[in-house]
Amino acid sequence: MALEKDVDCPACGETRSFYRTAAMTLHLGEKTKWRCPDCGYGFVEIDGIDTLPA
């Protein structure tokens, strides 16, 4: 698993490199928390499905 991921940050309004802050395995799959180092915005991803706004 990568330690960083390029994502469109809703708080910054542009693409940022989010850093993985935590990961664990659940019965649904792997849960990973990502955080933007510039603004602190964070989101959760479980088995490829994220909580980012559409």
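Residues numbered from 1 in each chain as written. Predicted model: local features only at pLDDT ≥ 70, side-chain atom pairs only at ≥ 80, totals over all residues. Heavy atoms only, no water.

As annotated in an unreviewed UniProt entry, the protein is DUF7838 domain-containing protein from Halorubrum coriense DSM 10284.

Novice: Would you take a moment to explain the overall build of the protein for this structure?
Specialist: A tally of helices and strands in the protein yields 0 helices and 5 strands. Moving toward the C terminus, one meets the helices and strands of the protein in the order β-β-β-β-β. Computed over C-alpha atoms, the radius of gyration of the protein comes to 11 Å, within 12% of the 10 Å expected from 2.2 N^0.38 for 54 residues, which places it in the range of a compact globule. Oriented by its inertia axes, the alpha-carbon framework of the protein measures out at about 35 × 20 × 15 Å. Considering the protein as a whole, with its 54 residues, one finds that 17% of them fall into the buried category. Contacts in the protein between residues far apart in sequence, at least 24 positions, make up 23% of those at least 6 positions apart. Looking at the protein, you have 6 positive and 9 negative side-chain charges, and the mean spots of the two groups are 8 Å apart. (Helix = DSSP H or I, 4+ residues; strand = E, 2+ residues; numbered from the N terminus. Rg over C-alpha atoms; globule rule 2.2 N^0.38 Å. Buried < 20%, exposed > 50% of the residue type's maximum accessible area, 1.4 Å probe, protein only. Contact = heavy atoms within 4.5 Å. Lys, Arg positive; Asp, Glu negative; His and termini not counted. Charge placed at Lys NZ, Arg CZ, Asp CG, Glu CD.)

Novice: Explanation requested: the sheet that holds strand E2 (residues 15-26) in the structure shown.
Specialist: The strands that make up a sheet pair up through hydrogen bonds in the backbone, lying either parallel or antiparallel. What the 5 strands build is an open sheet, ordered E1-E2-E3-E4-E5; its pairing is antiparallel. Two strands in the sheet have a free side with no partner beyond their single neighbour: strand E1 (4-8) and strand E5 (49-50). As defined by bridge partners, E1 adjoins E2 across 5 bridges and the pair is classed as antiparallel. The residue bridging Asp6 from the neighbouring strand is Ser17, located in E2. (Pairing = 2+ DSSP bridges.)

Novice: Is there a simple way to explain unusual backbone geometry in this structure?
Specialist: In most cases, non-glycine residues show a negative phi, while peptide bonds are predominantly trans. Located in the positive-phi region is Asp47, a residue other than glycine, with phi close to 50°. Along the chain, Asp47 falls in the loop between strand E4 (42-46) and E5.

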